[in-house]
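# Survey of secondary and tertiary structure
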Amino acid sequence: MEGADGDYWSFEALAGDVVSISVDTPESALDPYVQLRSAADGYLAEGWNYGPGSDELISHQAITSSGTYYARVSGTSGTGSYRLRVDVGRGVQLETDASYSNDSISGANQFALEVVGARRSGTIAGTIMAAAESVDEDYFNLGAVNAGESILVSLRLPESSSLVRPVVEIRDSRGNPLAVVVSPIETAARAHITTRDNYYVSVVTLAGQGSHGQYLMDAAVWPASGLDFPDLVVKQVTAPTAASSGETVRVSWTVRNFGTVKRSRIPITPAATSPTRTTRPRRDRGRRTRVKQVRHWAVVHEGCLPRHYSCRGN
Ligand SMILES: [Ca+2]
Ligand SMILES: [Ca+2]
Ligand SMILES: [Ca+2]
């Protein structure tokens, strides 16, 4: 509903949820103001310029009773459009980042990991806000990690996320990044811990920060002995965008070993020379059914691929 006091936007939340509300104005000169209000229209929280510039952010509000809540948006000065976003953390943790407060080791959010046997893991949601008085970096404290354990971190981006090439890094308690293995898409990192310390994960992005800059981060700490295997990933594939019948098609690729085993005699498939299976037209109840021919090639390359090294083929 819309009233003299501003625009009211309702949403439902459950006890135990954590909500964050942002009002961004990338397309206008409006200086917005937002309040979180109860079903009875009582004041609960405000986002007094805690977002980029004069934009609003109510970060990490714990919901203690289920029901309807309102985000009330008004203007402090100017007029224009705004983007209201409500993040509801339910079953996942939610970052705390009012006024870019988690942008360093000292301001890192606690990242709670659930212990299952010898492993612990957790998921937290965050947003890389637009850069204004600061460039948004998000730091999370994984707690103490023992020598002999490995930290694995990866990002998932919702379909609506605008983030482009976000990068995760694992850091020690002094903020130094470890020698981590970064995946081809730079959204995963792994580190083997040799010194007990408090460890942290940081997230930045090369582009796409702003009101749609959401990510989900999964983190896990495992005994390193459970992770001693090669991990081959196709880092890049280059192929022509069009081809004619009878034409020789050249495809090149790069495979990299992101695993923990230093050298391994493992088969790779760096060359395509002969078809191993062809799906041919078949008959269905006497009628000839056209089936698209699909050819699969596989030639095994026997060779060593040291950890962190790449193999190119075509
Ligand atoms: Ca404001
Ligand atoms: Ca953030
Ligand atoms: Ca931050």
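Residues numbered from 1 in each chain as written. Chains lettered and ligands numbered in written order. Predicted model: local features only at pLDDT ≥ 70, side-chain atom pairs only at ≥ 80, totals over all residues.

Per the secondary structure count, the protein includes zero helices and 26 strands. When burial is assessed residue by residue, the protein has 27% of its 314 residues classed as buried. Restricting to contacts in the protein with at least 6 residues of sequence separation, those with at least 24 account for 74%. (Helix = DSSP H or I, 4+ residues; strand = E, 2+ residues; numbered from the N terminus. Buried ≥ 20, exposed ≤ 12 C-beta atoms within 10 Å, placed from the backbone. Contact = placed C-beta atoms within 7 Å.)

All right, on to the sheet that holds strand β15 (residues 164-171) then. An order of β10-β13-β18-β15 is seen for the four strands of this open sheet, with the pairing classed as mixed. Two strands close off the open sheet at either side, each with one partner strand: β10 (109-110) and β15. (Pairing = 2+ DSSP bridges.)

Let us look at the sheet that holds strand β3 (residues 18-24). An order of β6-β3-β8 is seen for the three strands of this open sheet, with the pairing classed as antiparallel. The strands lining the two open edges of the sheet, one partner per strand, are β6 (56-62) and β8 (83-89). Within the sheet, the average angular offset between the axes of one strand and its neighbour, ignoring direction, is 10°. Where β3 and β6 come together, five bridges link them in antiparallel fashion. The partner of I21 across the bridge, within β6, is I58. (Axes fitted to C-alpha atoms, helices over the stretch in contact; angles between N-to-C directions.)

Looking now at the pairing of strand β12 (residues 119-127). Of the pairings in the sheet, the one linking strand β9 (residues 93-94) to β12 comprises two bridges and is parallel in character. Across the sheet, the residue bridging to L94 is A125, located in β12. Bridge count between strand β11 (residues 114-116) and β12: three bridges; the pairing is antiparallel. Across the sheet, E114 pairs through a bridge with S121, a residue of β12. Adjacent in sequence and paired antiparallel, β11 and β12 are bridged by two residues, among which G117 carries a positive phi angle near 65°. Direction of pairing for β12 relative to strand β19 (residues 214-223): antiparallel, over a ladder of eight bridges. From the neighbouring strand, S121 faces β19, where its bridge partner is A220.

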